[in-house]
Amino acid sequence: MDAKEIKPSIYWVGVKDWNLTEFHGYSTPHGSTYNSYLILDEKITLVDGVKAYMSKENLARIASVTDFSKIAYIVVNHVEMDHSGNIPEIMKLAPQAKIVTNTAGKMALEAHFDTAGWEYQIIKTGDSLNIGAHTLEFMTTPMLHWPDSMMTYVKEDKLLLSNDGFGQHFASDALFVKEAPFDIVMENAKSYYANILFPFGCQAEKALQTAGDLGLDIEMIAPSHGLIWSGKDEVGAILGNYAKWAGCGNEGKAVIVYDTMWGATATMAEAAMAVFQDAGIPVVKHCLAVKNVSEVMVDFLDAKYVVIGNPTLNNQLFPRVAGFLTYMHGLQPKNKAGLAFGSYGWKPGVVKKIQEVFDDLGWQSVEPFEEKYTPKSDVIERFQERVRELIKL
Ligand code: FEO
């Protein structure tokens, strides 16, 4: 349980949660890490903690390079429990340490924990803190993705400790992106963005702008989940993709999402797919019986067209479709064109509930399409004509 040096006198003291398969609804087949960093200097500084249940490992790594009584500052970039869960335990071992956070961070810490006796240094964007040979510069990134979220830049090392930003739920032997297959790491960064940061594209664009305004020259990005981006090429690649994803991608792709009971909606999904293929539009199709919602959401980053199909069950949305709609609605993808379709046995109308989500998200759309029981060839032709109307939007 040793600390690992990532820059001279700056150590990774985080933990790897190999067994994590789910993160509040987000499927995490590769596990995750909670990265915590320790800077050895005149004023020893810890940046971020870990989940409470993995505290022992974090504490052992810290203890391998310093004594807790020597820690002067604990920077809390974000109060969500995966980064601050063990801060109370650390504060018991290092009661002399001052918490460095922003106003929203202090409020959130006080709302979560018994913080009696804790001392704070409250920062805002542009503030800096000299800890000896290192200067920490701070950038608050409110709602990226909590009100308290912020990032810490170590000026002399051109190192951005970015917390959730640029992270990946990806546990591996590696510590750096360059030690792992690049495409797989980037896929996981994209999945992370789609499932955690999707609603906050404006805030992501603003953070990128602020980093530019502050003149941050970034050569390494060490997030609080996953692997560390190092070197101008890797840093440029992840910053470039964030700029693209924050703009909601929209590479003109089509995404078909459906579930099925006796094959009717599956047949219609296949018919919709054929229309997109004939039109030369890249298309992916996800059946919710076998795909996790978080896997589906990644494709929404690139999609212009969204087609969602529901098999009516007891005059309601099918449960997996309802669950997907709730998850997708919360992530608030913008600038899409939607078509809701479905099948029913006794009573039509449920498909309007999908349309209501499209309307609430402000999407363009065409009239929903529903058919009783099994769609015959004439129905398929009318449905495909509706998909062609969608493509014209
Ligand atoms: Fe990784 Fe918002 O916590």
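These figures come from a predicted structure and were not determined experimentally. (Residues numbered from 1 in each chain as written. Predicted model: local features only at pLDDT ≥ 70, side-chain atom pairs only at ≥ 80, totals over all residues. Heavy atoms only, no water.)

Some remarks on the nonpolar core
Counting 68 residues, the largest nonpolar core has W229, I238, F300, I308, F324 and M328 as the members making the most contacts within it. Looking at this core element by element, the count peaks at 8 residues for helix 5 (residues 182–197). Shared between two domains, this core holds at least three residues of each, these being domain 1 (4–246) and domain 2 (253–388). Sequence-distant contacts of I238, defined by excluding residues within four places in its chain, comprise F166, M186, A189, I221, W229 and W245. (Core = buried A, V, L, I, M, F, W, Y, C linked by side-chain atoms within 4.5 Å. Buried < 20%, exposed > 50% of the residue type's maximum accessible area, 1.4 Å probe, protein only. Helix = DSSP H or I, 4+ residues; strand = E, 2+ residues; numbered from the N terminus. Domains from an automatic or database assignment. Contact = heavy atoms within 4.5 Å.)

Describing the domain arrangement of the protein
Domain annotation of the protein identifies domain 1 (4–246) and domain 2 (253–388). Counting residues at the interface gives 11 residues for domain 1, matched by 13 residues for domain 2. Together domain 1 and domain 2 conceal approximately 1,100 Å² of surface at their shared face, both sides included; 63% is due to carbon and sulfur atoms. For domain 1, the biggest contributors to the area lost against domain 2 are K190, N195 and F198; these three give 49% of the whole. At the boundary of domain 1 with domain 2, the tally comes to 1 salt bridge. A salt bridge links K190 to D302, with the shortest nitrogen-to-oxygen separation between them at 2.7 Å. At the boundary of domain 1 with domain 2, the tally comes to 4 residue pairs in polar contact (both at pLDDT 80 or more). Counting only elements with at least two residues in the side of domain 1 that touches domain 2, the list comes to strand 5 (26–27) and helix 5. In terms of residue count, helix 5 provides more of the side of domain 1 that touches domain 2 than any other element does, 5 residues in total. (Buried area = accessible area lost by both parts, 1.4 Å probe. Salt bridge = Lys/Arg side-chain N within 4 Å of Asp/Glu carboxyl O. Polar contact = N/O pair within 3.5 Å; in protein donor to acceptor, adjacent residues only side chain to side chain.)

Some thoughts on the sheet that holds strand 2 (residues 10–12)
If you walk across this open sheet you meet the 7 strands as 1-2-7-8-9-10-11, and the pairing is mixed. In this open sheet, the two strands that pair with only one neighbour each are strand 1 (4–7) and strand 11 (119–122). The sheet shows a mean angle of 30° between the axes of neighbouring strands, direction not considered. (Pairing = 2+ DSSP bridges. Axes fitted to C-alpha atoms, helices over the stretch in contact; angles between N-to-C directions.)

A word on the pairing of strand 8 (residues 44–47)
Residues of strand 8 alternate between two faces, with I44 and L46 on one and T45 and V47 on the opposite face, all of them buried. When strand 7 (residues 37–39) meets strand 8, the two strands line up antiparallel, connected through 3 bridges. By the bridge assignment, I39 is partnered in strand 8 with T45. Once strand 7 ends, the chain turns through 4 residues before running back antiparallel as strand 8. With 4 bridges joining them, strand 8 and strand 9 (residues 71–75) adopt parallel strand pairing. The residue bridging V47 from the neighbouring strand is V75, located in strand 9. In terms of handedness, the path from strand 8 via helix 1 (residues 55–63) over to strand 9 forms a crossover that is right-handed. (Right-handed = clockwise from strand over helix to strand, strands pointing away.)

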